[in-house]
Number of protein chains: 2
Amino acid sequence: MSKAVPAIILVRPQLGENIGKAARAMLNFGLDDLRLVAPRDGWPNPSAGPAASGADRVLQQARVFPTVAEAVADCAHVYATTVRKRGVTKPVMTPEQAAQTIHEQEGGVGILFGPERAGLETDDVALARTIITVPVNPEFSSLNLAQAVILVAYEWSKGQTLAQPTKVDMEPPAPQEELEAMIGHLENMLDKNGYFFPIPRIPTIKRTLRTLLTKPSWNSMEIRTLRGVLSTLEKPRHNAHKG
Amino acid sequence: MSKAVPAIILVRPQLGENIGKAARAMLNFGLDDLRLVAPRDGWPNPSAGPAASGADRVLQQARVFPTVAEAVADCAHVYATTVRKRGVTKPVMTPEQAAQTIHEQEGGVGILFGPERAGLETDDVALARTIITVPVNPEFSSLNLAQAVILVAYEWSKGQTLAQPTKVDMEPPAPQEELEAMIGHLENMLDKNGYFFPIPRIPTIKRTLRTLLTKPSWNSMEIRTLRGVLSTLEKPRHNAHKG
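Residues numbered from 1 in each chain as written. Chains lettered and ligands numbered in written order. Predicted model: local features only at pLDDT ≥ 70, side-chain atom pairs only at ≥ 80, totals over all residues. Heavy atoms only, no water.

## A closer look at the overall build of chain A
Put simply, the rule is: Counting from the N terminus, the helices are DSSP H or I runs at least four residues long and the strands are E runs at least two residues long. For every residue, the accessible area (1.4 Å probe, protein chains only) is compared with the maximum for its type, and the residue is labelled buried under 20%, exposed over 50%, or partly exposed between those bounds. Note on contacts: a residue pair is in contact if any heavy atoms of the two residues lie within 4.5 Å. Here the accessible surface of atoms and residues is derived via Shrake-Rupley with a 1.4 Å probe, and residues count as covered only by protein chains that are part of the display.
Along its length, chain A carries 11 helices and seven strands. Sorting the 243 residues of chain A into buried and exposed places 55% on the buried side. The contacts in chain A between residues at least 6 apart in sequence include a share of 85% that link residues at least 24 apart. When the accessible surface of chain A is summed, it comes to about 10600 Å², and 54% of that surface belongs to carbon and sulfur atoms.

In structure tokens:
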């Protein structure tokens, strides 16, 4: 069972009021790790406090990060909440399914929520292993940021009172920063060999690669092995030696 | 299974904004029967529309009643949501349990929500057969009216088929021979660069690598991408070109 409480990560939130409401929703259901990625109006934001209705502790503890990657650096499991389906092939879960999965996972969990108007961008979603979509009325889907947070927090809280059976000792996935470093290492090698081509397609190519490497949930030891593999392939080749 | 959609009954609501938010929360999860008992500021209320974010249909259809008894006159099953436990001996359910029960019931269902500040009075609760209490953090319980409505509506919607998120068509894992060919390709490259060392440990090293690459269940397209990655890394390097 995941001992850590999931982090709620608001990506480029626009209104302080919504940050406050999210904090209130979180604390109602026992969540208190709030992270803000590049909040539009800076931080602290005077509109957040009144909307938090007493959940000031959550706001005071909130941490601000310049990028999503930095905000999830210590997370072994990253979830992205989206409303619409996107051209990303990742598992999609309801908040209920995600909560159940989270309770079975080892390691830190981060859940991304996009900005009010536009939602998460494709590059934000690419960092996540799993997508959470709240099933809403297809004829009227107007879920706001704080509502999405409350539903996810509420579902998570359900699993808290129940005793969870101890899982087999699987190593938890490596923290996101270790995976990022490996991806960076590989991209750098590929770049040197002219893999990223043509230029307009580079973002798509990188996303495909990232999605594929995010899929396995490799643990730290596995990532270390892969780093060894990359370093080996980077070395001067025996053939080259002879030549 | 109850064919009728439950009625959401706001008892003596104070702010038009909260009525609008409740309508929005309802319609997000497929509920549209809104009833108001003696709204403090009369009805219609100009603050309700903007807060409904497009759920105007629910507001236009809303019916106003002078008393709770009249509002629930056509309901076979009345539920009352309360935050605190009261000295009433009625069954208490979570929103989840109540939703399951409602889906099994025949006849109309009405769910009462109290005014913002004070909640339902004992006489209101007396009309209900069952109490719904949202389990919140005992150290911070600050659920507002619209939040209570959304959680109840959300749980109800789970039993409706309208609501399942479309699963992403995840490609099945590639046939084993494709995976084997990729592992063979990588092993060959690593062998050339002296990765497999010392000799007695080679079987273990290969097993580690295989375990790690079998974990993701990559599909055929992903395997093809990875083969492209390997071929790129195999090519003469730009540096070598220059040398």
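## A short note on the nonpolar core
In a soluble, globular protein the nonpolar side chains are often hidden away together inside. Cut-off, in case you're wondering: By nonpolar core is meant a set of buried Ala, Val, Leu, Ile, Met, Phe, Trp, Tyr and Cys residues that side-chain atoms within 4.5 Å join together.
Residues Leu10(A), Leu34(A), Leu10(B) and Leu34(B) are the most contacted members of the largest nonpolar core, which totals 76 residues. Not counting chain neighbours up to four residues away, the residues in contact with Leu34(B) comprise Ile8(B), Leu10(B), Ile19(B), Ala23(B), Met26(B), Val58(B), Leu59(B), Ala62(B) and Arg63(B).

## Points about helix H8 (residues 176-192) of chain B
Counted only if it meets this: Multiply 1.5 Å by the residue count of a helix minus one, and that product is the helix's expected span.
In this model H8(B) runs 24 Å from its N-terminal to its C-terminal C-alpha over 17 residues, within 8% of the 24 Å that 1.5 Å per residue would give. Among the residues of H8(B), those classed as buried are Leu179(B), Met182(B), Ile183(B), His185(B), Leu186(B), Glu187(B), Met189(B) and Leu190(B). The elements touched by buried residues of H8(B) are helix H10 (220-234) of chain A together with helix H9 (202-214) and helix H10 (220-234) of chain B. One or two steps after H8(B), the chain reaches Gly194(B), where phi turns positive at roughly 75°.

## Points about the sheet that holds strand S1 (residues 7-11) of chain A
Residue and element names in this part refer to chain A. Going by this rule: Two strands qualify as a pair provided that DSSP identifies no fewer than 2 bridges between them.
Judged by pairing direction, the sheet is parallel, and its seven strands sit side by side in the order S3-S2-S1-S6-S4-S7-S5 without closing on themselves. The sheet terminates laterally at strand S3 (63-65) and strand S5 (92-93), the two strands that pair on one side only. In terms of strand pairing, S1 meets strand S6 (residues 109-113) through four bridges, oriented parallel. Pairing of Ala7 across the sheet is with Gly110, part of S6.

## As for the interface of chain A and chain B
When the parts of a complex come together, some accessible area is lost, and that lost area is often taken as the interface size. Rules: The term buried area denotes the loss of accessible surface (1.4 Å probe radius) that occurs when two parts are joined, taken as the sum for both partners. Salt bridges, as used here, are contacts in which a Lys or Arg side-chain nitrogen is within 4 Å of a carboxyl oxygen on Asp or Glu. Within 3.5 Å is the distance limit for a polar contact, defined as a pair of N or O atoms, with the added protein rule that one can donate a hydrogen and the other accept it, and that residues adjacent in sequence qualify only through two side-chain atoms. In this classification, the charged set is Asp, Glu, Lys and Arg, the nonpolar set is Ala, Val, Leu, Ile, Met, Phe, Trp, Tyr, Cys and Pro, and all remaining amino acids, among them Gly, are polar.
Across the boundary between the two partners, chain A contributes 67 residues, which contact 64 residues of chain B. Counting each side, the surface lost to burial between chain A and chain B is near 5600 Å², with a carbon and sulfur contribution of 58%. In this structure, the connection of chain A to chain B is made through five salt bridges. The salt bridge partner of Glu155(B) is Lys158(A), with a shortest N-O separation of 2.5 Å. Summed over the shared surface of chain A and chain B, the result is 21 residue pairs in polar contact (both at pLDDT 80 or more). Elements represented by at least two residues in the side of chain A that touches chain B include exactly helix H1 (16-28), helix H5 (95-104), helix H7 (145-158), helix H8 (176-192), helix H9 (202-214), H10 and helix H11 (238-242) of chain A. With eight residues, H10(A) is the largest single contributor of residues to the side of chain A that touches chain B. Residue classes in the side of chain A that touches chain B are distributed as 30 nonpolar, 24 polar and 13 charged.

## Observations regarding the domain arrangement of chain A
Residues and elements named next belong to chain A. Our working definition: By convention here, the domain bounds are inherited from an automatic or database domain assignment.
What the domain assignment lists for chain A is domain 1 (7-157) and domain 2 (176-234). Centre-to-centre, using C-alpha coordinates, domain 1 lies 26 Å away from domain 2. The interface is formed by 12 residues belonging to domain 1 together with 10 residues belonging to domain 2. Both faces considered, domain 1 and domain 2 share a buried interface measuring about 960 Å² in area, 53% of it formed by carbon and sulfur atoms. At the boundary of domain 1 and domain 2, one finds one salt bridge. Across the domain 1-domain 2 interface, the total number found is seven residue pairs in polar contact (both at pLDDT 80 or more). Residue contributions to the side of domain 1 that touches domain 2 peak at three residues, all from helix H6 (residues 122-126).

## Brief notes about the packing of H8(B) against H10(B)
Residue and element names in this part refer to chain B. We count it as follows: Angular values range over 0 to 180 degrees, each being the angle between N-to-C directions of two axes fitted as lines to C-alpha atoms, with helices fitted over their stretch in contact. Throughout, the term roughly parallel applies to angles under 35 degrees, roughly antiparallel to angles over 145, roughly perpendicular to angles from 65 to 115, and oblique to all others. Each crossing gets its hand from how the near helix is turned against the far one by less than a right angle, where anticlockwise is left-handed and clockwise is right-handed.
Put simply, H8 and H10 touch, their axes get as near as 10 Å, and they point 15° apart. Classified by the angle their axes make, H8 and H10 are roughly parallel. Note on packing geometry: the crossing formed by H8 with H10 is left-handed. Residue-level contacts link Glu178, Leu179, Ala181, Met182, His185, Leu186 and Met189 of H8 to Ser220, Ile223, Leu226, Arg227, Leu230, Ser231, Leu233 and Glu234 of H10. Here the residues of the contact of H8 with H10 sort into nine nonpolar, three polar and three charged.

## Considering the side chain of Thr130(A)
Relative to the helices and strands, Thr130(A) is located in strand S7 (residues 130-132). With residues up to four places along the chain from it excluded, the contact list for Thr130(A) reads Val78(A), Tyr79(A), Ala80(A), Pro91(A) and Met93(A).

## Section: the pairing of S1(A)
Residue and element names in this part refer to chain A. When you tally the buried positions in S1, you get five out of five residues, the bulk of the element. Because side chains alternate across S1, one face comprises the buried residues Ala7, Ile9 and Val11, and the other comprises Ile8 and Leu10, equally buried. Pairing of S1 with strand S2 (residues 33-37), which is carried by five bridges, proceeds in the parallel orientation. Residue Ile8 lies in a different strand from S2, and its bridge partner there is Leu34.

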